[in-house]
Amino acid sequence: LFCPAGDEGRCWMPAHSCSLPQSSGVPEWLKDYMIGASQELYEVVAFPTPLQGQSFQTAASFIYDHCRAVLLAIEGTKGDDRHHLDVADLDQVIEDGMRGYIIAEDIGAVVNIMAAE
């Protein structure tokens, strides 16, 4: 359960709060598949200041470690980079105004990323 600071009345349930039956008849690969299938693609409309100037690799590590999400791509929103999508370009530097695309189990990961200090 994710509750934004000071707003306990507005909470999100994790996407896989329903679990598969604990039966020896369910193969491990199917359990893993179902967890993966419950993930969703989200847009991060703006990276927080601490991630600006960082490489894609550094931002991806931070997002994975602190928000339990996977950064897939970043998109430029200004000048020549407008609408240019870089998919997992590890050396790409994140600049002010860029967007990110993540895979996460719920919208709470986006809220956490945008609130990073």
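Anyway, here's the lowdown on the structure attached to this text. (Residues numbered from 1 in each chain as written. Predicted model: local features only at pLDDT ≥ 70, side-chain atom pairs only at ≥ 80, totals over all residues. Heavy atoms only, no water.)

## Notes on the overall build of the protein
So, step 1. Per the secondary structure count, the protein includes three helices and four strands.
So, step 2. Reading the protein from its N terminus to its C terminus gives the helix and strand order α-β-α-β-β-β-α.
So, step 3. Taking all 117 residues of the protein together, the buried fraction comes to 30%.
So, step 4. The contacts of the protein with a sequence gap of at least 6 include a subset with a gap of at least 24, amounting to 62%.
So, step 5. When the accessible surface of the protein is summed, it comes to about 7400 Å², and 54% of that surface belongs to carbon and sulfur atoms. (Helix = DSSP H or I, 4+ residues; strand = E, 2+ residues; numbered from the N terminus. Buried < 20%, exposed > 50% of the residue type's maximum accessible area, 1.4 Å probe, protein only. Contact = heavy atoms within 4.5 Å. Areas by Shrake-Rupley, 256 points an atom, 1.4 Å probe, with all protein chains shown as cover.)

## Some words on the environment of Ala 46
So, step 1. Topologically, Ala 46 is positioned in the loop between β1 (40-44) and α2 (56-67).
So, step 2. Between the C-alpha atom of Ala 46 and that of Met 98, which follows or precedes it by 52 residues, the distance is 6.0 Å.
So, step 3. Not counting residues within four places of it along the chain, the set of residues in contact with Ala 46 comprises Met 98 and Met 114.

## Side note on the nonpolar core
So, step 1. Phe 47, Ile 63, Leu 71, Ile 74, Ile 102 and Ile 113 are the most contacted members of the largest nonpolar core, which totals 19 residues.
So, step 2. Mapped onto this core, the elements with two or more residues apiece are β1, α2, β2 (70-75), β4 (99-104) and α3 (108-114).
So, step 3. In terms of residue count, the dominant contributor to this core is α2 (five residues). (Core = buried A, V, L, I, M, F, W, Y, C linked by side-chain atoms within 4.5 Å.)

## Regarding α2
So, step 1. Helix length check: α2 (twelve residues) gives 15 Å between terminal C-alpha atoms against 16 Å at 1.5 Å per residue, within 8%.
So, step 2. Here α2 has its buried residues at Phe 56, Ala 59, Ala 60, Ile 63 and Cys 67. End-on view of α2: buried residues confined to an arc of 100 degrees, all on one side of the axis. Residues Asp 65 and His 66 are exposed on α2 and point more than 90 degrees away from its buried face.
So, step 3. Buried residues in α2 make contact with β2, β4 and α3.
So, step 4. One or two positions beyond α2, positive phi appears at Arg 68, with a value near 50 degrees. (Expected span 1.5 Å × (residues − 1). Arc of directions from axis to C-beta.)

## Considering unusual backbone geometry
So, step 1. A positive phi angle, near 50 degrees, is found at Arg 68, a position not held by glycine.
So, step 2. Tracing the sequence through the fold places Arg 68 in the loop between α2 and β2.
So, step 3. For Arg 68, a relative accessible area of 62% translates into the label exposed.

## Describing the pattern of salt bridges
So, step 1. Counted according to the given criterion, the structure contains three salt bridges.
So, step 2. As a salt-bridge pair, Arg 99 and Glu 43 come within 3.2 Å of each other at their nearest N and O atoms. Taken together, the residues span a long stretch of sequence, with Arg 99 in strand β4 and Glu 43 in strand β1 at a distance of 56 residues.
So, step 3. With relative accessibility at 24%, the residue Arg 99 sits in the partly exposed group.
So, step 4. Since its relative accessible area comes to 34%, Glu 43 is described here as partly exposed.
So, step 5. One salt bridge in this structure joins Glu 105 and Arg 68, with 3.8 Å as the shortest N-O distance. (Salt bridge = Lys/Arg side-chain N within 4 Å of Asp/Glu carboxyl O.)

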